[in-house]
Amino acid sequence: MIISILGIRGILLNRRNILIMSMPIESMLLAVNLNFLVFSVSLDDMMGQSFASLVPTVAAAESAIGLAIFVITSRVRGTIVVESINSIQG
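Residues numbered from 1 in each chain as written. Predicted model: local features only at pLDDT ≥ 70, side-chain atom pairs only at ≥ 80, totals over all residues. Heavy atoms only, no water.

In the nomenclature of an unreviewed UniProt entry, the protein corresponds to NADH dehydrogenase subunit 4L from the organism Aegilops tauschii subsp. strangulata. Comment text from UniProt for the protein, heading Subcellular location (unreviewed entry), reads "Membrane". (UniProt positions renumbered as here; feature names shortened; annotations may be inferred.)

What follows concerns helix α1 (residues 2–13). Here α1 spans 16 Å end to end across 12 residues, near enough to the 16 Å set by a 1.5 Å rise per residue. Within α1, the full set of buried residues consists of Ser4, Gly7 and Gly10. Mapping the buried residues of α1 onto a view down its axis gives an arc of 125°, with all of them on the same face. Seen from the open side of α1, the exposed residues pointing more than 90 degrees away from its buried face are Ile2, Leu6, Arg9 and Leu13. (Helix = DSSP H or I, 4+ residues; strand = E, 2+ residues; numbered from the N terminus. Expected span 1.5 Å × (residues − 1). Buried < 20%, exposed > 50% of the residue type's maximum accessible area, 1.4 Å probe, protein only. Arc of directions from axis to C-beta.)

Now for the side chain of Ser40. Of note, Ser40 is situated in helix α2 (residues 18–43). A residue is classified by how much of its surface remains accessible, and Ser40, at 4% relative accessible area, is buried. Contacts of Ser40, omitting those with residues within four sequence positions, involve Asp45, Met46, Gly48 and Gln49. (Contact = heavy atoms within 4.5 Å.)

In this section: the confidence of the model for the protein. Averaged over every residue, the pLDDT of the protein is 81; the share at 70 or more is 90%. Considering each helix and strand of the protein separately, the mean pLDDT is smallest for helix α4 (residues 82–85), with a value of 65, and largest for α2, with 85. (pLDDT = per-residue confidence, 0-100.)

Set out below in structure tokens:
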């Protein structure tokens, strides 16, 4: 629960740089993974552990796609500041 709150707080407080905004998302995925494992052990069920093994795969895919978007945005716009990215809508 504390890791999730820190992740949400990190997103809300760091709204200038989009790269730094992606780090709290990873910590929230870590919190979900930890919850899966704890409840799996306490309920004596293997399903939570199987879901916990899939979370790093999702996190790696999200990081790879996000990094590709950051690189393309940086090349086109010259910056990855969030205020300038809001003009991409449409």
